[in-house]
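For reference, the chains in residue letters:
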Amino acid sequence: MKTGKHQKDFFTRELLEWHHHENSRSLPWKSEKDPYKIWLSEIILQQTRAAQGLPYYLRFTERYPTVKHLAIAKDEDVFRLWQGLGYYNRCKNLLATARSIADELNGNFPDSYDAILELKGIGPYTAAAIASFAYGLPHAVVDGNVYRVLARYFGIETAYDTTEGKKQFQLLAQELLDKNESAAYNQAIMDLGATVCTPSPACTQCPLQKNCTAFQQHMVELLPVKSKKITVRKRFFHYLLLHSEDEQLWISKREEKDIWQNLFQPFLIEHTYSLDAAELRSLVPSSLLKPDDALVYEGVQKQRLTHQFIETKFFSTTVQSDVRIDAAGGEWVKLNELKKFPFPRTIVSFLEKKLYF
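All values reported here derive from a predicted model rather than from experimental measurement.

A. Here's a closer look at the overall build of the protein chain. Across its full length, the protein chain carries 14 helices and seven strands. Expressed as lengths along the three principal axes of its C-alpha atoms, the size of the protein chain is roughly 80 × 50 × 35 Å. Counting all 357 residues of the protein chain, 50% fall into the buried class. When contacts within the protein chain are restricted to residue pairs at least 6 apart in sequence, those whose partners lie at least 24 apart make up 67%.

B. Geometry of the environment of Lys226. Within the secondary structure, Lys226 is located in the loop between helix 12 (213-216) and strand 1 (233-244). Between the alpha carbons of Lys226 and Leu27 there is a distance of 29 Å; along the sequence they are 199 residues apart. What Lys226 contacts, discounting residues up to four positions off in sequence, is Ala159, Tyr160 and Asp161.

C. Main features of the packing of aromatic side chains. Considering all chains together, one arrives at 18 aromatic pairs under this definition. Aromatic side chains Trp39 and Phe109 sit 5.8 Å apart centroid to centroid with 55 degrees between the ring planes, which places their arrangement in the tilted category. Here Phe109 lies in the loop between helix 6 (89-104) and helix 7 (113-117) and Trp39 lies in helix 2 (residues 35-45), a separation of 70 residues in the sequence. The class for Phe109 is buried, based on a relative accessible area of 10%. Ring geometry for Phe60 against Trp82: centres 6.1 Å apart, planes inclined by 80 degrees, an arrangement best described as edge-to-face. With Phe60 in helix 3 (residues 50-63) and Trp82 in helix 5 (residues 75-82), this residue pair connects regions lying 22 residues apart in the sequence. Classification of Phe60 by relative accessible area gives buried; the value is 0%.

D. Quick look at the pattern of salt bridges. Using the criterion set out here, one finds twelve salt bridges in the structure. For the salt bridge of Lys8 with Glu175, the shortest nitrogen-to-oxygen distance reads 2.8 Å. Of this pair, Lys8 sits in helix 1 (residues 5-21) while Glu175 sits in helix 10 (residues 163-176), and the two are 167 residues apart along the sequence. A salt bridge links Lys340 to Glu337, with the nearest nitrogen and oxygen atoms 2.7 Å apart. By relative accessible area, which is 56% here, Lys340 ends up exposed. The exposure class of Glu337 is partly exposed, given its relative accessible area of 28%.

E. The environment of Ser26, seen in detail. Positionally, Ser26 belongs in the loop between helix 1 and helix 2. It is 9.8 Å that separates the C-alpha atoms of Ser26 and Asp191, two residues lying 165 residues apart in sequence.

F. Spotlight on the state of the cysteines. Across all of its chains, the model carries zero disulfides by this definition. Note on Cys203: no disulfide assigned, nearest cysteine sulfur contributed by Cys212 at a separation of 6.5 Å.

G. Main features of the packing of helix 1 against helix 9 (residues 144-154). In contact at an axis separation of 12 Å, helix 1 and helix 9 are set at 140 degrees when each is read in the N-to-C sense. Looking at the two axes, helix 1 sits oblique to helix 9. With respect to the hand of their crossing, helix 1 and helix 9 are arranged in right-handed fashion. In this structure, helix 1 contributes Gln7, Lys8, Phe10 and Phe11 to the contact, and helix 9 contributes Val149, Leu150, Tyr153 and Phe154.

H. Expanded view of the packing of helix 9 against helix 11 (residues 182-195). Interaxial distance between helix 9 and helix 11 falls to 8 Å at its minimum, and their mutual angle equals 85 degrees. The orientation of helix 9 with respect to helix 11, classified from their angle, is roughly perpendicular. In this structure, helix 9 contributes Asn145, Val146, Arg148, Val149 and Leu150 to the contact, and helix 11 contributes Ile189, Met190, Leu192, Gly193 and Ala194. For the contact of helix 9 with helix 11, a count of residues per class yields seven nonpolar, two polar and one charged.

Cut-offs applied
Residues numbered from 1 in each chain as written. Predicted model: local features only at pLDDT ≥ 70, side-chain atom pairs only at ≥ 80, totals over all residues. Heavy atoms only, no water. Helix = DSSP H or I, 4+ residues; strand = E, 2+ residues; numbered from the N terminus. Buried < 20%, exposed > 50% of the residue type's maximum accessible area, 1.4 Å probe, protein only. Contact = heavy atoms within 4.5 Å. Phe/Tyr/Trp six-rings, centres within 6.5 Å; stacked < 30°, edge-to-face > 60°. Salt bridge = Lys/Arg side-chain N within 4 Å of Asp/Glu carboxyl O. Disulfide = S-S within 2.5 Å. Axes fitted to C-alpha atoms, helices over the stretch in contact; angles between N-to-C directions. Parallel < 35°, antiparallel > 145°, perpendicular 65-115°, else oblique. Left-handed = near helix turned anticlockwise from the far one by under 90°. Nonpolar A, V, L, I, M, F, W, Y, C, P; charged D, E, K, R; others polar.

The following block contains the structure:
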């Protein structure tokens, strides 16, 4: 791997030159110095594309302009605003951290890397981003875009998701950082990875092409290297839409430590394989579904998460509102009130298609 001083100096110099004169990527948090808003943008953008995260960032900053506003918000209001972003543990940590800052630090965001890193839900990348962008501190950010740019430019064949790889990339990123322009450098390398050195790169537009090892050795498509293969778990959810005769729907909050924690859902039967109406009927408690009650198939939704594939089927039936439902934390909600509750994206999509709200 060729990592001489000339190649490193060229990398930092040309990257900053590109950033100051050619980088046209415009996002509202890029010029932001408020650590709260930088933190908010980073949490929203974890495993989320900028284009998708932008409207959420704008809604959050409008409704909760400071960390104190977020800290006193009701959980369900915040989860409702987050709805559609997925990875809801991020939202849970967001609230916990906001309340910790408000209660323990009088609403003042920490101003050192180590103190930021101690906050719940914040790892080395996010801590470095906040320290650099808000306070100009010399900490290099290392995310997926950075791994890709560094691996290709320097021809690094060490898998970035190994202990050795993480250490190697972090040390190199820190060495390349322009400590006088840490914020500009960090923004530049992330933007280059997001717009030019993408998985399918535009090498002819890259300011680093001249000294890029992967380009010179025809290795662009081979780098970066990832060692771990994700094992995808298949799950089959069957939602029973329990309607009352006075136009209410029974829903409950997911309390267990699983996907969609703290979000609401209809009555759920999860099974090891996909069920049809007849098979599902045999598993529905007799207190809910009498032999003559109709069980209507309403449709199916499929969703791929990072480690899970979920097939969700919906079935509906009408029951008496005083029927005994053996599930904790449930309640009857009028159909026109459902919008007030946060649901997983796949359920929202179904409810919208069926004009439930």
